[in-house]
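Reading the structure
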Amino acid sequence: QLQASGGGLVQPGGSLKLSCAASGRTFNNFAMAWFRQAPGKEREFVAAIRWRGGSTFYAGSVEGRFTLSRDTAKDTMYLQMNSLKPEDTAVYYCAAGSGLILSSIRVDSQYGYWGQGTKVTVSS
């Protein structure tokens, strides 16, 4: 089970930190990721992290502004979002998938576990 939290309303240029708490199983061989879906748009990849080792992967649109991390003791993933833009407005979903190879880590259909989503609105 994945529980996402931390969304809200923020002004352009502001920051938010999303959390995704995992429970119910071991995630050592998993990758965990954030995807987002803006109104009227397809769901898109934001960032992913390999639970073992902590390697991170980012979409070009967020690289340098967003930072993904995890706390293995708490089974929780964090997405620190800085320099937010109106185009970052979306519902953000956390996801987990096992045994993902590099070419699959940005593909939402490869993730078998999903959280409920948390809404991020960037507006003045």
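Residues numbered from 1 in each chain as written. Predicted model: local features only at pLDDT ≥ 70, side-chain atom pairs only at ≥ 80, totals over all residues. Heavy atoms only, no water.

1. Structural notes on the overall build of the chain
Regarding its fold elements, the chain presents 0 helices and 11 strands. Each helix and strand of the chain, placed in order from N terminus to C terminus, yields the pattern β-β-β-β-β-β-β-β-β-β-β. Rg of the C-alpha trace for the chain: 13 Å, near the compact-globule value of 14 Å for 124 residues, within the 12% margin. Principal axes of the C-alpha set define a box for the chain whose edges measure 40 × 30 × 25 Å. Split into buried and exposed, the 124 residues of the chain put 43% on the buried side. The long-range share in the chain, meaning contacts at least 24 apart out of those at least 6 apart in sequence, stands at 56%. Summing over all exposed atoms, the chain offers an accessible surface of approximately 6,200 Å²; the carbon and sulfur share of this is 45%. (Helix = DSSP H or I, 4+ residues; strand = E, 2+ residues; numbered from the N terminus. Rg over C-alpha atoms; globule rule 2.2 N^0.38 Å. Buried < 20%, exposed > 50% of the residue type's maximum accessible area, 1.4 Å probe, protein only. Contact = heavy atoms within 4.5 Å. Areas by Shrake-Rupley, 256 points an atom, 1.4 Å probe, with all protein chains shown as cover.)

2. Structural notes on the packing of aromatic side chains
Taken as a whole, this structure holds 5 aromatic pairs when the rule is applied. Between the aromatic rings of Phe 30 and Tyr 113, the centroid separation amounts to 5.9 Å while the plane-to-plane angle is 50°, which identifies the pairing as tilted. With Phe 30 in strand β4 (residues 30-37) and Tyr 113 in strand β10 (residues 113-114), the pair connects residues that are 83 residues apart, well separated along the chain. Assessed through its relative accessible area of 6%, Phe 30 is described here as buried. A centroid spacing of 6.5 Å and a plane angle of 65° characterise the contact between Tyr 111 and Trp 114, whose relative ring orientation is edge-to-face. One aromatic cluster is present, formed by Phe 35, Phe 45, Tyr 111 and Trp 114 through successive ring pairs. For the cation-ring pair, Lys 17 lies above Tyr 78, with the distance from its terminal atom to the ring centre recorded as 4.7 Å. Over the ring of Trp 114 we find Arg 43, and its NZ or CZ is 4.0 Å from the ring centre. (Phe/Tyr/Trp six-rings, centres within 6.5 Å; stacked < 30°, edge-to-face > 60°. Lys NZ or Arg CZ within 6 Å of the ring centre and 35° of its normal.)

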